[in-house]
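# Topology and contacts: notes
Residues per chain, in single letters:
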Amino acid sequence: MRNTRRNAALLAAVFLNALFGIVLIVGGIWLIAVDGSWYYALAGVALLATATLLFQRKASALWLYAALVLATLAWALWEVGLDWWPLAARGDILFLLGLFLLTPWVTRPLL
């Protein structure tokens, strides 16, 4: 039963990262086409890479995701400064997904 729960949590993490990655890549390509920010496409690629590493049960997925969160924070601060609501809107989903990635059900199968 414990392995089933861990496998389900890991599969959910893979699915969520892949889903958000694809959405960000598609939206990011559109933004690039209209001379917008490259951040979204690059973040989507990082999320897909994270999903791939999670699927392979590699702990480096968590390090890649941490780098994405730090890059997102730097980009958001550069874009909007310390204005709370725009800053929160740029990192909310990534932060929540990151909390999920830190749960024991996801991290234990990676060890």
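The present account deals with the structure reproduced in this document.

## Focus on the nonpolar core
Grouped together as the largest cluster of nonpolar side chains are 22 residues, with contacts concentrated most on Leu-47, Leu-54, Tyr-65, Leu-68, Leu-94, Leu-101 and Val-106. When residues of this core are traced back to their parent elements, those giving at least two are α1 (2-33), α2 (39-55), α3 (60-80) and α4 (84-101). A total of seven residues in this core trace back to one element, the largest contributor, which is α2. With residues up to four places along the chain from it excluded, the contact list for Val-106 reads Ala-9, Leu-10, Ala-13, Leu-54, Phe-100 and Leu-101.

## Brief notes about the environment of Arg-57
You can see Arg-57 is positioned in the loop between α2 and α3. Overall, Arg-57 belongs to the partly exposed group, its relative accessible area being 39%. Spatially, the C-alpha atom of Arg-57 lies 8.5 Å from that of Leu-10, the residues being 47 residues apart in sequence. For Arg-57, the contacting residues outside a window of four places in its chain are Asn-7, Leu-10, Pro-109 and Leu-110.

## Considerations on α4
Taking 1.5 Å per residue as the helical rise, α4 with its 18 residues ought to reach 26 Å, and the 24 Å between its terminal C-alpha atoms agrees with that figure. Among the residues making up α4, those that are buried are Leu-87, Leu-94, Leu-97, Gly-98 and Leu-101.

## A few points about the environment of Pro-104
Positionally, Pro-104 belongs in helix α5 (residues 104-107). Sequence separation of Pro-104 and Glu-79 is 25 residues, and the distance between their C-alpha atoms is 34 Å.

## Describing a nonpolar patch on the surface
Taken together, the side chains of Ile-93, Phe-95, Leu-96, Leu-99 and Leu-102 present a nonpolar region at the surface, about 520 Å² in accessible area. Within the secondary structure, Ile-93 sits in helix α4.

## Digging into the packing of aromatic side chains
Summed over the entire model, instances satisfying the criterion amount to four aromatic pairs. Look at Tyr-39 and Tyr-40: their rings are 5.1 Å apart centre to centre, the planes differ by 75°, and that puts the pair in the edge-to-face class. With relative accessibility at 12%, the residue Tyr-39 sits in the buried group. Taken together, a centroid distance of 4.0 Å and an interplanar angle of 5° make the contact between Tyr-39 and Trp-75 stacked. Of the two residues, Tyr-39 is situated in helix α2 and Trp-75 in helix α3; the sequence distance between them amounts to 36 residues.

## A word on the packing of α3 against α4
Two numbers describe how α3 lies on α4: the axes approach to 9 Å, and their chain directions differ by 170°. By the angle class used here, α3 and α4 are roughly antiparallel. Where α3 abuts α4, its residues Leu-62, Tyr-65, Leu-68, Thr-72, Trp-75, Ala-76, Leu-77, Glu-79 and Val-80 lie against Pro-86, Leu-87, Arg-90, Ile-93, Leu-94, Leu-97, Gly-98 and Leu-101. Within the contact of α3 with α4, the residues separate by chemical class into 13 nonpolar, two polar and two charged.

## What about the pattern of salt bridges?
By the definition in use, this model includes one salt bridge. Across the salt bridge formed by Glu-79 and Arg-90, the nearest N and O atoms sit 2.7 Å from each other. Note that Glu-79 is positioned in helix α3 and Arg-90 in helix α4, a separation of eleven residues in sequence. Classification of Glu-79 by relative accessible area gives partly exposed; the value is 36%.

Basis of the calculations
Residues numbered from 1 in each chain as written. Predicted model: local features only at pLDDT ≥ 70, side-chain atom pairs only at ≥ 80, totals over all residues. Heavy atoms only, no water. Core = buried A, V, L, I, M, F, W, Y, C linked by side-chain atoms within 4.5 Å. Buried < 20%, exposed > 50% of the residue type's maximum accessible area, 1.4 Å probe, protein only. Helix = DSSP H or I, 4+ residues; strand = E, 2+ residues; numbered from the N terminus. Contact = heavy atoms within 4.5 Å. Expected span 1.5 Å × (residues − 1). Patch = residues over 30% accessible without salt bridge, like charges linked within 9 Å, V, L, I, M, F, W, Y side chains within 5 Å. Areas by Shrake-Rupley, 256 points an atom, 1.4 Å probe, with all protein chains shown as cover. Salt bridge = Lys/Arg side-chain N within 4 Å of Asp/Glu carboxyl O. Phe/Tyr/Trp six-rings, centres within 6.5 Å; stacked < 30°, edge-to-face > 60°. Axes fitted to C-alpha atoms, helices over the stretch in contact; angles between N-to-C directions. Parallel < 35°, antiparallel > 145°, perpendicular 65-115°, else oblique. Nonpolar A, V, L, I, M, F, W, Y, C, P; charged D, E, K, R; others polar.

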